[in-house]
Amino acid sequence: MKALKHFCTITKHRHKVVAHCFKAGIGWQGLFHDLSKYTPAEFLAGAKYYQGNRSPNEKERELFGYSSAWLHHKGRNRHHFEYWTDYNPATKQIRPVKMPTKYVIEMFCDRVAASKIYQGKKYTDKHPLEYFLKGKPTRVIHTESSDLLEKLLTMLSEKGESETFGFIKKMQKK
């Protein structure tokens, strides 16, 4: 039963992201969003740790100190800022790399969809920004990528979906 619920949750989320990606002008990219969640490496852990109100990765992380499903996922999905880290040749340390705009846009679509799925009827356009700001102090993301995402989430919070997706489409044409 948990496997079916997990399947329904990730599929509902994915369909919302795809719809948002079409609104944002990156529909083709959206069609490939999160397909790795259906692979055994991610799906089996997701079903096992499914709770319905948050990511199963959080439960797996609580139990083991890491999430094997998340490590698999972030390494295959470029809309996650964690994908965009590399060694800095000067410092010999892992540092964030600026994300291409199309992946920041997909990350925006992903965060909005996740908020809608997990908040349900309580969702407002402020939720994605609130969630972003809560984690901002500890997030390791390139400054320009973070600033763009925050700008889009703030616009969503203040002006709504229609105006924000319209802005995103125009932004890409420049």
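Residues numbered from 1 in each chain as written. Predicted model: local features only at pLDDT ≥ 70, side-chain atom pairs only at ≥ 80, totals over all residues. Heavy atoms only, no water.

S.K.: Help me get a handle on the packing of aromatic side chains, residues and values and all.
M.R.: What the rule picks out here adds up to six aromatic pairs. Between Trp 28 and Phe 32, the ring centres sit 5.4 Å apart and the planes meet at 70°, which makes this aromatic pair edge-to-face. Phe 32 sits in the partly exposed class, given a relative accessible area of 48%. Measuring from ring centre to ring centre gives 5.1 Å for Tyr 83 and Trp 84, while their planes differ by 65°; the resulting arrangement is edge-to-face. Of the residues examined, Tyr 83 reaches a relative accessible area of 25% and is grouped as partly exposed. Within the aromatic cluster, the residues linked to one another by ring pairs are Tyr 83, Trp 84 and Tyr 103. (Phe/Tyr/Trp six-rings, centres within 6.5 Å; stacked < 30°, edge-to-face > 60°. Buried < 20%, exposed > 50% of the residue type's maximum accessible area, 1.4 Å probe, protein only.)

S.K.: Explain the pattern of salt bridges to me, and be specific about the residues and the numbers.
M.R.: Within the structure shown, the criterion is met by eight salt bridges. A salt bridge links Glu 144 to Lys 98; its shortest N-O distance comes to 3.0 Å. Note that Glu 144 is positioned in helix α8 (residues 143-159) and Lys 98 in the loop between β2 (94-96) and α6 (101-119), a separation of 46 residues in sequence. Its relative accessible area of 45% is what places Glu 144 among the partly exposed residues. In this structure, Lys 136 and Glu 150 form a salt bridge, with 2.6 Å as the shortest nitrogen-oxygen distance. Here Lys 136, found in the loop between α7 (127-135) and α8, pairs with Glu 150, found in helix α8; they are 14 residues apart in sequence, far enough to count as distant. Linked by salt bridges that have partners in common, Lys 23, Lys 116 and Glu 161 make up one network. (Salt bridge = Lys/Arg side-chain N within 4 Å of Asp/Glu carboxyl O. Helix = DSSP H or I, 4+ residues; strand = E, 2+ residues; numbered from the N terminus.)

S.K.: Please set out the layout of surface pockets residue by residue, giving values where relevant.
M.R.: Space inside the largest pocket adds up to approximately 1400 Å³. Looking at the largest pocket, it is lined by 43 residues, and the ones nearest its centre are Ser 55, Glu 58, Trp 70, Ala 114 and Tyr 131. When contributions to the lining of the largest pocket are tallied by element, the ones reaching two or more residues are α1 (2-24), α3 (40-48), α4 (56-64), α5 (68-74), α6 and α7. Here the element with the most residues in the lining of the largest pocket is α6; it accounts for eight residues. Its residues placed into classes, the lining of the largest pocket shows 13 nonpolar, 17 polar and 13 charged. As a volume, the second largest pocket reaches approximately 190 Å³. Sorting the residues of the lining of the second largest pocket by element identifies α2 (27-30) and α6 as the ones contributing at least two each. Each residue belonging to the lining of the second largest pocket can be placed in one class, and the counts come to four nonpolar, five polar and four charged. (1 Å grid on protein atoms, 1.4 Å probe; cavity = no way out; pocket = protein on both sides within 12 Å on 5 of 7 lines; lining within 4 Å. Points joined across faces, edges and corners; volume = space filled by probe spheres on them. Nonpolar A, V, L, I, M, F, W, Y, C, P; charged D, E, K, R; others polar.)

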